[in-house]
Amino acid sequence: MSIASILNNGVKGMNATQMATQAASTNISNAATVGYTRRSTAILPDQSLIAKSGPKRVVEPFIERRLLGAKSGSGEASAQATAVRVLDNVFAEGDGSLGSALDAFQVSMANLGARPEDTATRQQVLSTAGNLAAAFGNASAQLKTAKAEANEAVSAGLAQVNDRLHQIAGLGTEIQKAEINGEEASELRDQRDLLIGEVAERVPVTVLDQGNGQISLMLGGSYQLVTPDGKVGELSAVAGEGGNLRIQKTVAGAKVDVTEQVKSGSVGGALKARAGALTEAGNKLDQLASDITKAYNTAHSAGYGTDGISGRNLFAEQVSVSGSAENFAVSSDVLDQPSHIAAATSASTTPSDNRNALALAAVASAPIAVGGQTVMEALSSLIGYSGSIVQNAQQSESFSSGALQQVESLRENVSGVSSDEEMVEMMKYQRAYQASLKVISVADQMMSDLLNIRG
Amino acid sequence: MRVTDAAVFNNVKRQMSQARQNVLTAQEQAGTGMRVQKPSDDPVAAAAARRETSRQKLADAGVSASEEVTLQLESTDSVLNDVFAALTSAHDLALENATATASSENRTNAAYQVRMIREQMVSLGNTNLAGRYVFAGYRDQTPAFAQDGTFVGDPSSKELQVLPGLNVKAGISGDKVFGSGSPDDMFSVLDKLASALDANDQSGVRDLLKDLETNQSRMLAARSQVGVMIDSARVAGAAASQQSLNSKLQIGRLVEVDEITAATNLVQAQGALNAALAIAQQIPTGGLVGGK
């Protein structure tokens, strides 16, 4: 052991503690930086490794995997809740709502039974029938808009995913180059993890670390979105059955349907809401409109207007159940013609005969809808269904948000910055630095003493 | 367990966000008095409230209908009362002139009075209330009887819906009150009576007493029927009124929030928010970094 080696040890110690202090100071200054992963130094006995590789990012791969899953789950639930929330508006009570329009229409039918000869009462039937048509049209339009918005959310989500995939691929190459040259690439890795998290919020992904700075980013575990050599497989949306979108990925120049892989993330949530609750609510609304049209037309066509003519429809006939709500309208047979309202059961007893008006009023309590329900029971069921869909979606959003926060807390526990902890680390390294200085000072003194003896 | 700076702030942020949401919900409920404003607030209650709202609207319409029917039937009953009084007068005249004490002049005067009663009967048979001929059945826009006493109305009894599935009769047709087409219908009997009186036919007048009593019996039966109809309309109206009230109460229970609960919830939510805000102010911002 020479005095020079003591001096060398002192220098090594100073370097190591400087680096450790730098890591702690970086951690403190990034305590509030989104996506920042704290750096840690491990000073080995020979103090050489630190100098070679620098501070390391403190990450737990298991938690990182869980975080991606939680982000996809939260993104899905949030997108679903956003998409289906429109159902609350479609079926909420209030002026112009479907419920109040149907009430007014049924009351006007009851009034027609009381005053079949009164033109104003007949006009009221036409007005309320028109308002009912408007309410169906409005509800249908809101659902249509919500479906279009869900599709837009899918397309926008995919565009954002593709943009991030290219950034991730570029960062992978940069990280690989930096680390081959022995440079520290923690910041680039933080950026890449942040981008991967943003992709996971939109589509479900898994990360396969290639160990050389590059990764393989997989969609649902089956399809590569970013390859280890930095190639990107972009996702695109194409129109599918019933206006629902299908997701495609280009594999070796060919388009492959990967919709089944997109089961979560905001894109998956929007797809599910569009194909599930919104379509189902639309189908139920169409069914209700169709049932009302058929039942009232059957009753109305059996009666006679004050002009003695029978066989007229009250509502425009529908070609099919699908689209019945959108196309729900007062029939041209009676439009603007109060005298064509068929309140009588025979031509000879008009206008005071109310027997067919009573038959029309009785439709309100007849089991004409699906499942033997009355019209109002069917609407009530639809309201209950829609409310449950929205409530479940909101609860799911809340649960998945809580689950995400829990995993984020776990990650924070491992990878987050504690200012107090870093300050203690800095104090510790400050002391170590002072000790190393003291070593150099002592060695210098020893050297000086030795030279003085010779002189 | 490590507790990081971001974890502390995120936790407080989450608590404040939740507390603010709770205050907003409590404010909405206290401000509107409504617990259920949209289906997702309580899907089961919203669905049930819709059914009850529909029932209430139809019941309200039924209350109006029953009031209209009751008024119409009461008017009809009043007309029947006038008819019965006129018929009784005719019967009294017949009874007075069916004895030997009545002179020829008495019978001639009585014949004139009977013809006046007959004309009154046609007028009563064609009574029009609120634009409707009350004894004309489903043809109530035109008179029920021709001037010669022929029934030209509709023989049906009109019905009205008071509640879904509950119809009540809204009148009685003239043929059931005055008789129509039969040898003993009221107009024919009065015609025969006037003729017998003009002819000073004492036995003929006496023979017609039975026909007059038959008409009186028919009248009483008609009044009885109308009385039953009035009762039915009132009972149905009361049922509709009760249905409306029940539905209103039910809707209230389903979607409204009582003021005490709303106020208590609001106070609790505001207390929780104040606590969350106080916690946020207590986060140690200095710590070792601040040198404390």
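Starting from 1, residues in each chain are numbered consecutively following that chain's sequence as written. As a convention, the first chain written is A and the first ligand written is 1, with the rest following in written order. Only residues with pLDDT of at least 70 get local features here, since the model is predicted, and only at 80 or more are side-chain atom pairs given and counted; chain-wide, interface and lining totals rely on the full set of residues.

Buried Ala, Val, Leu, Ile, Met, Phe, Trp, Tyr and Cys residues whose C-beta atoms connect them within 7 Å together make up a nonpolar core. With C-beta atoms placed from the backbone, a residue is labelled by how many other C-beta atoms lie within 10 Å of its own: buried for 20 or more, exposed for 12 or fewer, partly exposed between the two. Counting residues in each nonpolar core, the largest one holds 168 residues, and the members touching the most others are V84 and V205 of chain A together with A90, V114, L190 and L193 of chain B. Helix and strand labels come from DSSP, where a helix needs a run of H or I of at least four residues and a strand needs a run of E of at least two; each type is numbered from the N terminus. A per-element tally of this core places helix α6 (residues 119-180) of chain A first, with 19 residues. Contacts are defined on C-beta atoms placed from the backbone: any two residues whose C-beta positions lie within 7 Å are in contact. If sequence neighbours within four positions are ignored, V205 of chain A has contacts with L68, I196, V199, A200, L217, M218, L219 and L225 of chain A. Counting eight residues, the second-largest nonpolar core is a separate cluster that includes A16, A24, M426 and Y429 of chain A.

Residues and elements named next belong to chain B. Between helix α5 (residues 186-198) and helix α6 (residues 202-255), whose axes approach to 10 Å, the crossing angle comes to 160 degrees. As judged from the angle between their axes, α5 and α6 are roughly antiparallel. Taken as a pair, α5 and α6 cross one another with a handedness that is left-handed. Residue-level inspection shows M186, V189, K192, L193, A196 and L197 of α5 in contact with α6, the latter providing G204, V205, L208, D211, L212 and N215. Gly falls in the polar group here, along with every residue not listed as nonpolar (Ala, Val, Leu, Ile, Met, Phe, Trp, Tyr, Cys, Pro) or charged (Asp, Glu, Lys, Arg). Taken together, the residues of the contact of α5 with α6 break down into eight nonpolar, two polar and two charged. Where helices are involved, their axes are fitted lines through C-alpha atoms of the stretch in contact, as for all axes, and angles between N-to-C directions lie from 0 to 180°. Roughly parallel means an angle under 35 degrees; roughly antiparallel, over 145; roughly perpendicular, 65 to 115; everything else is oblique. In a left-handed crossing the near helix is turned counterclockwise from the far helix by less than a right angle, and in a right-handed crossing that turn is clockwise.

Another aspect to go through is the interface of chain B and chain A. The partner chain A presents 49 residues to the 40 residues of chain B that form the contact. Secondary structure elements with two or more residues in the side of chain B that touches chain A: α1 (5-32), α2 (43-96) and β3 (159-163) of chain B. Among the elements that make up the side of chain B that touches chain A, the one with the highest residue count is α2 of chain B (14 residues). Per-class residue counts for the side of chain B that touches chain A are 17 nonpolar, 10 polar and 13 charged.

To continue, consider the sheet that holds strand β8 (residues 254-257) of chain A. All names here are of chain A. Pairing within the open sheet is antiparallel, and its three strands lie in the order β6-β7-β8. A strand with exactly one partner marks an edge of an open sheet, and here the two such strands are β6 (235-239) and β8. Between one strand axis and the next, the sheet turns by 45 degrees as a mean value, whatever way the strands run. Two strands pair when backbone bridges link them, and β6 and strand β7 (residues 245-251) are joined in this way by five bridges, in the antiparallel orientation. From the neighbouring strand, A239 faces β7, where its bridge partner is L245. Those strands touched by α6 are β6 and β7, and its axis lies near 160 degrees from that of β6. Pairing between two strands is assigned when DSSP locates at least 2 bridges connecting them.

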